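# Notes for the structure review
Each chain is listed here by its residues.
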Amino acid sequence: MAGGLALEGLRLEAGGRVLVDGVSLALRRGEVLGLVGTSGGGKSLTALALLGLLPAGVRRAAGVLRLDGAVLDAAGQAALRGRRIGFVQQAPRGGFNPLVSIGRHFRETLACDGLRGGAATARAESLLREVGFAEPAALLGLYPSQLSGGMLQRAMLALALARDPGFLLVDEPTTDLDLIVQAQILGLLERLVARRGLGLLLVTHDLSVVARLAGRVAVMQAGRVVEEQPVHDFFDAPRHPHSQNLLATHFALYGEAAPA
Ligand SMILES: Nc1ncnc2c1ncn2[C@@H]1O[C@H](COP(=O)(O)OP(=O)(O)OP(=O)(O)O)[C@@H](O)[C@H]1O
Ligand SMILES: [Mg+2]
């Protein structure tokens, strides 16, 4: 069975304010779903809800999460986090403990699956090689502050894949990176999806990222999904005024280049 990760009727509240409402999304293995929309629309909170990892003060008032059809409760979500669903959060530096070496980040994650010592080191090096580090052994002794933004993003991807998840949620993977590094990260994500058959939720405000990677696009505005379409239909004929605005702004800034 193809199976997948699905969110149905998500509603998130904080202090009586509704932040996300009626959001349903489905992500199948091997596909890339782009989640776009202007700042504050609820993209990151929706991704965090898929992980069952909401910030303090934000409450899930409604909504069901399913994996391959089965409803997941809080304990089920905690068990799957990292193991079945990998996560790369917005601003990768924040995902690392600055006082802990890259190697220890891997050792702690791999220990969850009983991998220790030489076996853990070999696995960490193989993961780092997979994301493009030619000399992974040297990297393991470094601290997060010694890595550039692009290196951190790649290391974070390797860490998110350490337990072989079927799904990966990445939040703004290219923000704050220069154009060359952005292109490298996008190429890497493309290869990882193809090689591993990952279901990728790609949260971004950058429509050129969506054009390059996504098969489908969901657009969020003010806490709701206002449109969901295959990527080519979205670029050819966006239905919702908010999508039309996003596209008009994008083309005004970057020209009318058609999506690949
Ligand atoms: N911890 C929190 N407590 C209360 N409100 C929050 C919290 N985190 C986010 N919000 C609010 O929820 C809404 C959605 O935020 P979210 O971070 O999901 O937006 P976003 O679409 O990811 O935006 P951006 O593109 O800027 O990353 C915003 O109004 C935000 O202010
Ligand atoms: Mg966000």
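Residues numbered from 1 in each chain as written. Chains lettered and ligands numbered in written order. Predicted model: local features only at pLDDT ≥ 70, side-chain atom pairs only at ≥ 80, totals over all residues. Heavy atoms only, no water.

## Quick look at the overall build of the chain
The criterion, for reference: A run of H or I in DSSP becomes a helix once it reaches four residues, and a run of E becomes a strand once it reaches two; helices and strands are each numbered from the N terminus. Our radius of gyration looks at C-alpha atoms and nothing else; its globule reference is 2.2 Å times the residue count to the power 0.38. Only protein chains enter the calculation, and the probe is 1.4 Å; a residue is then buried if its accessible area is under 20% of its type maximum, exposed if over 50%, and partly exposed in between. Only heavy atoms matter for contacts: two residues are in contact if any of them lie within 4.5 Å across the pair. For every accessible area listed, the method is Shrake-Rupley and the probe measures 1.4 Å; residues are considered covered only by the protein chains on display.
Counting its secondary structure elements, the chain contains 10 helices and 10 strands. For 260 residues, the compact-globule estimate of 2.2 N^0.38 gives 18 Å, and the C-alpha radius of gyration of the chain, at 18 Å, lies within 12% of that figure. The principal-axis extent of the C-alpha atoms belonging to the chain is close to 55 × 45 × 40 Å. Within the chain, buried positions represent 50% of all 260 residues. Partitioning the contacts of the chain with sequence separation of at least 6, the portion at a separation of at least 24 is 68%. Carbon and sulfur atoms provide 54% of the accessible area of the chain, an area that totals close to 11,600 Å².

## A few points about the packing of aromatic side chains
The test is simple: Any two rings among Phe, Tyr and Trp, with Trp reduced to its six-membered ring, count as a pair given centres within 6.5 Å; such a pair is stacked if its planes are under 30 degrees apart, edge-to-face if over 60, and tilted if neither. Whether a charge sits over a ring depends on NZ of Lys or CZ of Arg being within 6 Å of the ring centre and within 35 degrees of the ring normal.
Taken as a whole and assessed by the stated rule, the structure comprises one aromatic pair. Consider the rings of Phe234 and Phe235, whose centres lie 5.4 Å apart with planes at 80°: the pair is edge-to-face. Residue Phe235 is classed as buried on the basis of its relative accessible area of 10%. The ring centre of Phe133 lies 4.4 Å from the NZ or CZ of Arg154, which sits over that ring.

## As for the sheet that holds strand β9 (residues 216-221)
This is how it is decided: One requirement defines pairing of two strands: DSSP has to find at least two bridges between them. Axis definition: a line fit to C-alpha positions, over the contact stretch in the case of helices; interaxial angles, taken between N-to-C directions, run 0 to 180 degrees.
A sheet is described by the order of its strands in space; here six strands give the open sequence β6-β7-β8-β3-β9-β10, paired in mixed fashion. Two strands lie at the open edges of the sheet, namely β6 (85-88) and β10 (224-230), each paired on one side alone. Ignoring strand direction, the axes of neighbouring strands in this sheet form an average angle of 15°.

## Observations concerning the side chain of Arg163
Relative to the helices and strands, Arg163 resides in the loop between α6 (149-160) and β7 (167-171). Apart from the residues within four sequence positions on either side, Arg163 is in contact with Arg81, Gly82, Arg83, Thr109, Cys112 and Asp113.

So, to be careful, I would describe these as geometric facts and stop short of saying anything about function.
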